[in-house]
Amino acid sequence: MAEVGRAAAAGTNPGPDTYAKLELVSARAPLQPEPFLLKAAIASRNGELDRAAELLQAARWRSPRSVAARYLLADVRIRQGNVASGLAEMAVLAQIVPGSSVQLVPALSSYAQQPGALKNLSEIIRINPRLKRPLLIALAADTSNADMILALSKSGPQNDSGSKAWQERLLKGFIDKGDYGRAYSIWRQFSDVPESGSPLLFNGEFRPLAAPPPFNWSFTSTSAGFAEPADGTLRVLYFGRTDAALAGQLLLLSPGRYALKTAVRGQIPEGVLEWTLACQPRGDVILRGDLGANAQTFAVPQANCPAQRLVLHGRAQDVPSDVDVRLGPVVIEPVRQ
């Protein structure tokens, strides 16, 4: 090993005597992987990739948990053009070396653009399920990966507690591009919402559903107050000291007139809680109404309003007082002309 190290430091191959010693070690300790690793490294350095692969496979067979054997074999496979096989070796290596999955994700993301990548990436996720979440998060940065992401999400474990991160990142990408229809179609797949019967406002009863924002409710909890689902209603506790957005949802209303109705349990001082509805992406407000009103009508214009964001606001008061109320159900209905 020392002779090999000195040769490597000098940028040369080991001499004949060193090779002879390697053969002797192999004969006396046939189950040791080191001689095969060294010969493979030399063969790889000389461009003899097929021989290097054979030697590394022999080393890996002798020591399946050898980090060097897995790493060098992955490198050789990728240099041979067999990227899928190389990445599979890296997936196993990521299981052996804790925390190394992060280093593998960029390579997997780049490989995802290659023909036939879906089948191989699904197999890699099967080999190392811990790669699923970080890979999906990385792929979600580019909306062109949407079909790949949806297919890969069905590979490996299905009880992925980290699915919210990549789902929200992918949806945000489409929304930022203004492609609300595609975002809603993908969200519906995440949420198991049927294509027919799409409501004007989703989950007005504030049920604890798996559907993520933005087409389901998002809730806020800060020092200004909080909103949270409670027994089929929305409990709102607001302290009246600073303005706060407490809950919200993205809507896809067609042009026309509508009525927003909110059932309220409890007393709300005038001007403390209000709904706003603003066209997206420009932010033009088409509804601002006090929550104390029984019904609030509004009109969605024909132009520049492909989506709308509904937000429940708390408005700061000159003399702050706590407000603790229950809301729901919340309903949006079309208004006949």
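See the structure above.
Rules and cut-offs
Residues numbered from 1 in each chain as written. Predicted model: local features only at pLDDT ≥ 70, side-chain atom pairs only at ≥ 80, totals over all residues. Heavy atoms only, no water. Helix = DSSP H or I, 4+ residues; strand = E, 2+ residues; numbered from the N terminus. Rg over C-alpha atoms; globule rule 2.2 N^0.38 Å. Buried < 20%, exposed > 50% of the residue type's maximum accessible area, 1.4 Å probe, protein only. Contact = heavy atoms within 4.5 Å. Areas by Shrake-Rupley, 256 points an atom, 1.4 Å probe, with all protein chains shown as cover. Lys, Arg positive; Asp, Glu negative; His and termini not counted. Charge placed at Lys NZ, Arg CZ, Asp CG, Glu CD. Axes fitted to C-alpha atoms, helices over the stretch in contact; angles between N-to-C directions. Parallel < 35°, antiparallel > 145°, perpendicular 65-115°, else oblique. Left-handed = near helix turned anticlockwise from the far one by under 90°. Nonpolar A, V, L, I, M, F, W, Y, C, P; charged D, E, K, R; others polar. Pairing = 2+ DSSP bridges. Expected span 1.5 Å × (residues − 1). Arc of directions from axis to C-beta. Core = buried A, V, L, I, M, F, W, Y, C linked by side-chain atoms within 4.5 Å.

Draft legend 1. Representation of the overall build of the chain in the model. Looking only at helices and strands, the chain features twelve helices and eleven strands. Whereas a compact globule of 337 residues would reach a radius of gyration of roughly 20 Å, the chain reaches 30 Å, over 25% beyond that. If you line up the chain on its principal axes, its C-alpha atoms span 95 × 40 × 35 Å. The buried share of the chain, reckoned over its 337 residues, is 45%. Of all intrachain contacts in the chain linking residues separated by at least 6 positions in sequence, the fraction that spans at least 24 positions is 65%. Counting only carbon and sulfur atoms, one obtains 51% of the accessible surface of the chain, whose full area is about 17,400 Å². Seen as two clouds, the 36 positive and the 30 negative side-chain charges of the chain have centres 5 Å apart.

Draft legend 2. A look at the packing of helix α6 (residues 83-96) against helix α8 (residues 117-127). With their axes 9 Å apart at the nearest point, α6 and α8 run at an angle of 20 degrees to one another. One element, α6, and the other, α8, form an angle in the roughly parallel class. Regarding α6 and α8, the two cross each other, and that crossing is right-handed. Here A84, L87, A88, A91, V92 and Q95 of α6 lie close against α8, whose contacting residues are N120, I124 and I127. By residue class, the composition of the contact of α6 with α8 is seven nonpolar, two polar and no charged.

Draft legend 3. View of the sheet that holds strand β3 (residues 225-230). The strand order β2-β3-β4-β11-β6-β9 describes an open sheet built from six strands, whose pairing is antiparallel. Among the strands making up the open sheet, the edge pair consists of β2 (221-222) and β9 (295-300). Two strands pair when backbone bridges link them, and strand β6 (residues 256-265) and β9 are joined in this way by six bridges, in the antiparallel orientation. Looking at β9, one finds that K261 is bridged to A295.

Draft legend 4. Examining the sheet that holds strand β8 (residues 285-290) more closely. The five strands are arranged β1-β5-β10-β7-β8 in an open sheet whose pairing can be described as antiparallel. The open sheet is flanked by β1 (218-219) and β8, the only strands paired with a single partner. One ladder, built from two bridges, connects β1 with strand β5 (residues 244-251); its direction is antiparallel. Residue F219 lies in a different strand from β5, and its bridge partner there is A247.

Draft legend 5. Summary view of helix α2 (residues 16-28). End to end, α2 covers 19 Å across 13 residues, agreeing with the expected 18 Å (1.5 Å per residue, within 8%). Those residues of α2 lying buried are T18, L22 and S26. An end-on view of α2 places all buried positions within 85 degrees of arc, on one side of the element. In α2, those exposed residues whose orientation departs by more than 90 degrees from the buried face are P16, D17, A27 and R28.

Draft legend 6. View of the pairing of β6. Where β6 lies against strand β11 (residues 323-334), seven bridges are found, and the strand directions are antiparallel. What sits directly across from R265, in β11, is R326.

Draft legend 7. Spatial organisation of the nonpolar core. If you look at the biggest cluster of nonpolar residues, it comprises 42 residues, and the most contacted ones within it are L104, L108, L121, L152, L170, I186 and W187. Residue assignment for this core shows that the elements contributing at least two residues are α6, α7 (101-111), α8, α9 (132-139), α10 (146-152), α11 (163-176) and α12 (180-191). Counting residues in hydrophobic clusters, the runner-up holds 33 residues, among them F206, W217, V300 and V325.

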